[in-house]
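Below, each chain spelled out in residue letters.
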Amino acid sequence: MGFPGTWMTESESVVYRVVPKCACSTIGQIMFFSDHGEFYDGDIHDADHGLHKWAHERSQPLINANVKTHGSYAFSCVRNPYTRILSSFFDKICGIQRNGKRYRGNLVPLLIQKYGIEVGDPESGFEFDQIKSFRRFLLFARDTIRWRRPMDPDIHWSAMSGHVSTFIVNGGRYDKIFWTEQFNDGMQEVLDAIETPQTVDLGAIPRFNESEGHGPKRAHPVEDYFDDMSMHLIYEIFKRDFDLFKYDFEDPSNKMPIGEIDLDEIHAKLGD
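Just so we're clear, the structure is a prediction, and the values are computed from it rather than from any experiment. (Residues numbered from 1 in each chain as written. Predicted model: local features only at pLDDT ≥ 70, side-chain atom pairs only at ≥ 80, totals over all residues. Heavy atoms only, no water.)

Caption draft 1: Examining the overall build of the protein chain more closely. The helix and strand inventory of the protein chain stands at nine helices and five strands. Listed by position from the N terminus, the elements making up the protein chain come as β-β-α-β-α-β-α-α-α-α-β-α-α-α. Taken over C-alpha atoms, the radius of gyration comes to 19 Å for the protein chain, in line with the 19 Å a tight globule of 272 residues would show. Every one of the 272 residues in the protein chain was classed for burial, and the buried ones make up 54%. Taking the intrachain contacts of the protein chain between residues at least 6 apart in sequence as the baseline, contacts between residues at least 24 apart amount to 70%. Side chains of the protein chain give 30 positive and 42 negative charges; the mean places of these two sets differ by 7 Å. (Helix = DSSP H or I, 4+ residues; strand = E, 2+ residues; numbered from the N terminus. Rg over C-alpha atoms; globule rule 2.2 N^0.38 Å. Buried < 20%, exposed > 50% of the residue type's maximum accessible area, 1.4 Å probe, protein only. Contact = heavy atoms within 4.5 Å. Lys, Arg positive; Asp, Glu negative; His and termini not counted. Charge placed at Lys NZ, Arg CZ, Asp CG, Glu CD.)

Listed below in C-alpha cells is the structure:
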C-alpha cells in the first residue's frame, strides 16, 4: 500500500501526511517555500515539481525509504470533525471546483435525486436551505462510510483517523500531530524542529484556502446545523476522531480541543 497522501520536501527536511480539509494547502505551500524561497504558482495540490508526493511514481522510492527509516521529522494536522465536514459540504457538494465543474461529475445530481439535497447555484447567489440540505448530506456520507454505497467514502469526509493510520500501519511514525485551530503554534513547533534550506517566517505566510469562493458561505453558526440525529450520525462516523484528537463531541459550538493529543495512544490504536 505504501504511503498514500504523503508529501515530502525535496530536501527531505520534513514529511507530512495530508489530511484533506485540514490546512493542507497552506502546509504544502510552506513546505514548498522552505525549499525554494517562493510559493508554488497555483494550487499546491496540482504541483508536479518542487515537492515529493506519493502520487508521483518517481517520488515513491524516496518517500518509502525515508519514512521506513524515520529519516525525517514527520507530522500531520487535524481539525474539529464538525467544522471539517461542514467545510467539505460547502466546498465539494455546493461549490464549483477549480476546473469550473461540479465535484466528481455526476455526484451532485445523484445527491439531488436520491437524497433530496439542494446546492443552489452561483447565479442565484447559492440561496437554499443550508441546514436541511446539510443534514441530508450527512445521511449520504454515513451511507458511503458504513455500506460503501452509493459510492466509496470520499477522502474529504472520511474519518481523519483513517488517513492518519495508513502512515502508521505501513511503518511510519509521527513526531507531531497538531490542530488546525491552533495552527501557528503547531506549525511553528514543526519548523523549530527541522532545518530548512530557506528560512520560513510563519507570521508572514498567507493562508492558502484554495476552496475559498468556490461555493456558498456558511449562513449559520456551526451548532445550528447539528440536531440530535445529525450529532448521532457524526458520532457514528467520527467517534475515533473525537477520542484520539481530543475534540468536544457534546458541544458543536466548541471547535477547540479539550485535551492533549497523545502520540503513543495514536500509534497504539491506529497501528493495528
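Caption draft 2: The layout of surface pockets, seen in detail. Roughly 160 Å³ of volume is contained in the second largest pocket. Every residue along the wall of the second largest pocket is listed here: K176, I177, F178, W179, Q182, D185, G186, E189, E260, I261 and L263. Mapped onto the lining of the second largest pocket, the elements with two or more residues apiece are β5 (176-179) and α7 (183-193). No other element matches the four residues that β5 contributes to the lining of the second largest pocket. A breakdown of the residues in the lining of the second largest pocket according to their chemical character gives five nonpolar, two polar and four charged. (1 Å grid on protein atoms, 1.4 Å probe; cavity = no way out; pocket = protein on both sides within 12 Å on 5 of 7 lines; lining within 4 Å. Points joined across faces, edges and corners; volume = space filled by probe spheres on them. Nonpolar A, V, L, I, M, F, W, Y, C, P; charged D, E, K, R; others polar.)

Caption draft 3: Geometry of helix α3 (residues 81-93). Taking 1.5 Å as the rise per residue, α3 with 13 residues should run 18 Å; its terminal C-alpha atoms sit 17 Å apart, in good agreement. Taken across its 13 residues, α3 has 13 buried, putting it largely inside the fold. Where α3 begins, one side-chain oxygen reaches toward the backbone nitrogen of Y82, 2.8 Å away; that side chain belongs to N80. (Expected span 1.5 Å × (residues − 1). Polar contact = N/O pair within 3.5 Å; in protein donor to acceptor, adjacent residues only side chain to side chain.)

Caption draft 4: Broad picture of empty space enclosed by the protein. Per the counting criterion, the structure on display carries one cavity of 30 Å³ or more. Considering only enclosed or pocket space, the largest cavity measures out at about 30 Å³ in volume. Taken together, V14, I30, M31, S34, M187, L191, I194 and T196 make up the full set of residues lining the largest cavity. For the lining of the largest cavity, the secondary structure elements donating two or more residues are α1 (24-36) and α7. Here the element with the most residues in the lining of the largest cavity is α1; it accounts for three residues. Counted by class, the lining of the largest cavity contains six nonpolar, two polar and no charged residues.

Caption draft 5: Representation of the nonpolar core in the model. Residues I85, F137, V164, F226 and F245 are the most contacted members of the largest nonpolar core, which totals 57 residues. Looking at this core, the element that brings in the most residues is helix α8 (residues 228-245), giving eight residues. Counting residues in hydrophobic clusters, the runner-up holds 27 residues, among them I27, Y40, V190 and V200. (Core = buried A, V, L, I, M, F, W, Y, C linked by side-chain atoms within 4.5 Å.)

Caption draft 6: Seen up close, the environment of A47. With respect to the element layout, A47 can be found in the loop between α1 and β3 (51-53). Separated by 19 residues in the primary sequence, A47 and G28 place their C-alpha atoms 9.6 Å from one another. If we skip the residues at most four places from it in the chain, A47 touches Y40, K53 and H56.

Caption draft 7: Main features of the state of the cysteines. Across all of its chains, the model carries zero disulfides by this definition. Counting only cysteine sulfurs, C24 is the nearest neighbor of C94, a cysteine outside any disulfide, at a range of 19 Å. (Disulfide = S-S within 2.5 Å.)

Caption draft 8: Representation of the packing of aromatic side chains in the model. Taken as a whole and judged by the stated rule, the model has 26 aromatic pairs. Measuring from ring centre to ring centre gives 6.0 Å for F75 and F178, while their planes differ by 10 degrees; the resulting arrangement is stacked. Of this pair, F75 sits in strand β4 (residues 73-78) while F178 is found in strand β5, placing the two residues 103 residues apart along the sequence. As far as burial versus exposure is concerned, F75 and F178 are alike and both buried. Above the plane of the ring of W7 lies K53, whose end atom (NZ or CZ) is 4.9 Å from the centre. (Phe/Tyr/Trp six-rings, centres within 6.5 Å; stacked < 30°, edge-to-face > 60°. Lys NZ or Arg CZ within 6 Å of the ring centre and 35° of its normal.)

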